[in-house]
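Analysis of the macromolecular model
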Amino acid sequence: ETLSELCVINQTVFDEIMDMLKKGYTWHGDVQATSLNGRTFTAWVNAFALEANAFNTIEYVLLINDISDLRQKEERLDFL
């Protein structure tokens with residue numbers, strides 16, 4: 001399920017992601033995110049850099065998907 005609301009992730013995790021991107025790597029993984037209304041959830045983040053050669057800039061993109069339902073189902077399966 002794609003997240004359709006703004007959210008924030010832990011500053012330390014964000015800094016680690018940005019450090020990897022600035023070194024030329026991509027990043028993906030689970031993080032804990034918090035929506036602006038205070039809901040905390042597990043999110044899958046895909047992060048990468050895009051070069052905009054026409055402007056000689058680099059744009060950083062973080063795609064964040066709410067996977068809390070998926071993780072809850074996995075935990076239930078592990079329990080069973």
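See the structure above.
Structure report, in brief. (Residues numbered from 1 in each chain as written. Predicted model: local features only at pLDDT ≥ 70, side-chain atom pairs only at ≥ 80, totals over all residues. Heavy atoms only, no water.)

Side note on the overall build of the protein
Assigned secondary structure in the protein consists of 2 helices and 4 strands. Going from the N terminus to the C terminus, the protein shows its helices and strands as β-α-β-β-β-α. A compact globule built from 80 residues should have a C-alpha radius of gyration of about 12 Å, whereas the protein, at 15 Å, is more than 25% larger. The principal-axis extent of the C-alpha atoms belonging to the protein is close to 55 × 25 × 25 Å. Within the span of the protein, comprising 80 residues, buried residues form 22% of the whole. Here the contacts in the protein between residues at least 6 apart in sequence split such that 42% fall between residues at least 24 apart. Summed over its atoms, the accessible surface of the protein is roughly 6000 Å², and 53% of this surface lies on carbon and sulfur atoms. With 6 positive and 13 negative side-chain charges, the protein shows a separation of 3 Å between the mean positions of the two kinds. (Helix = DSSP H or I, 4+ residues; strand = E, 2+ residues; numbered from the N terminus. Rg over C-alpha atoms; globule rule 2.2 N^0.38 Å. Buried < 20%, exposed > 50% of the residue type's maximum accessible area, 1.4 Å probe, protein only. Contact = heavy atoms within 4.5 Å. Areas by Shrake-Rupley, 256 points an atom, 1.4 Å probe, with all protein chains shown as cover. Lys, Arg positive; Asp, Glu negative; His and termini not counted. Charge placed at Lys NZ, Arg CZ, Asp CG, Glu CD.)

A word on helix α2 (residues 68-79)
Taking 1.5 Å of rise per residue, the 12 residues of α2 would be expected to cover 16 Å, and the 17 Å separating its terminal C-alpha atoms lies within 8% of that figure. Buried residues are scarce in α2, accounting for 1 of its 12 residues. (Expected span 1.5 Å × (residues − 1).)

Regarding the sheet that holds strand β4 (residues 57-66)
Read from one edge to the other, the open sheet built from 4 strands follows the order β1-β2-β3-β4, with strand pairing classed as antiparallel. Only two strands of the sheet have a single neighbouring strand rather than two, namely β1 (7-9) and β4. When the angles between neighbouring strand axes are averaged without regard to direction, this sheet yields 45°. Two strands pair when backbone bridges link them, and strand β3 (residues 40-52) and β4 are joined in this way by 10 bridges, in the antiparallel orientation. Counterpart to L50 in the pairing with β4 is E59. Docked against the sheet, helix α1 (residues 11-22) engages β1, β2 (27-35), β3 and β4, running at close to 135° with respect to β4. (Pairing = 2+ DSSP bridges. Axes fitted to C-alpha atoms, helices over the stretch in contact; angles between N-to-C directions.)

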